[in-house]
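Observations on chain architecture
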Amino acid sequence: MDHAKDRSVPDQMRGGYSEEEVSSIYELGRIYLENGNLKAAEAIMQGLTEVVPDFSPAWLGLCYIQVFSNNYDAALLAARRAHTADPASPEALLFLISCLLSSGDYHAAGTYLGEIGEKIEGGGITDPEIVRFFRAQLARYQAR
């Protein structure tokens, strides 16, 4: 979720907010998440998704919040929206995989795990946190 500053938000999709303002609002939501204030974080992330519907980091934040709130259907929806908004994001794909595994859709999860695994093996993904999250989801998939 740290790639919010790297994501360019088109002018027509910002609802009057500058790219810097969108990033700042998102960072405030992240601070709330990190401090466990899910209600405040959810309000911010929800607002961001309404103002900037294709801002993947906000959808990932909502997914995270919904998982911790045990609302897995909403988490899966948010993960799908994050992946649709940024299909190249390994974080969005891994969140989607995690939600698919939780919902019992092992076929789709396995397909996406294969995609990520190929990117890792090919050297396209080297971030140790992403690789660790991938391995955790792969273990979940294999243990089903």
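Overview of the structure. (Residues numbered from 1 in each chain as written. Predicted model: local features only at pLDDT ≥ 70, side-chain atom pairs only at ≥ 80, totals over all residues. Heavy atoms only, no water.)

Before going further, it helps to spend a moment on the pattern of salt bridges. On inspection of all chains with the given rule, the structure shows one salt bridge. As a salt-bridge pair, Glu34 and Arg30 come within 3.1 Å of each other at their nearest N and O atoms. A residue pair is termed a helical-turn pair when its members lie 3 or 4 positions apart in one helix, as Glu34 and Arg30 do in helix H1 (residues 19–34) at four residues. On the accessibility criterion, Arg30 (14% relative accessible area) is buried. (Salt bridge = Lys/Arg side-chain N within 4 Å of Asp/Glu carboxyl O. Helix = DSSP H or I, 4+ residues; strand = E, 2+ residues; numbered from the N terminus. Buried < 20%, exposed > 50% of the residue type's maximum accessible area, 1.4 Å probe, protein only.)

This part covers the nonpolar core. Among the nonpolar cores identified, the biggest contains 38 residues, and Met45, Leu48, Phe55, Cys63, Ile97 and Ile116 are the most heavily contacted of them. Those elements that place two or more of their residues in this core are H1, helix H2 (38–51), helix H3 (56–68), helix H4 (72–85), helix H5 (90–103), helix H6 (106–121) and helix H7 (128–142). By residue number, the principal contributor to this core is H5, which donates nine residues. Sequence-distant contacts of Ile97, that is, excluding residues within four places in its chain, are made with Ala109, Tyr112, Leu113, Ile116 and Gln137. (Core = buried A, V, L, I, M, F, W, Y, C linked by side-chain atoms within 4.5 Å. Contact = heavy atoms within 4.5 Å.)

With that settled, consider the side chain of Ser56. With respect to the secondary-structure elements, Ser56 resides in helix H3. Taking relative accessible area as the criterion, Ser56 reaches 0% and is therefore assigned buried.

Attention shifts here to unusual backbone geometry. As a rule of thumb, non-glycine residues mostly have phi less than zero, and peptide bonds are mostly trans rather than cis. Despite not being glycine, Asn70 shows a phi value in the positive range, around 60°. Within the fold, Asn70 resides in the loop between H3 and H4.

We now examine a nonpolar patch on the surface. On the surface, a cluster of nonpolar side chains totalling about 370 Å² of accessible area is made up of Tyr64, Val67, Phe68 and Tyr72. With three residues, the single largest contributor to the nonpolar patch is H3. Relative to the elements of secondary structure, Phe68 occurs in helix H3. According to the relative accessible area criterion, Phe68 is exposed, its value standing at 53%. (Patch = residues over 30% accessible without salt bridge, like charges linked within 9 Å, V, L, I, M, F, W, Y side chains within 5 Å. Areas by Shrake-Rupley, 256 points an atom, 1.4 Å probe, with all protein chains shown as cover.)

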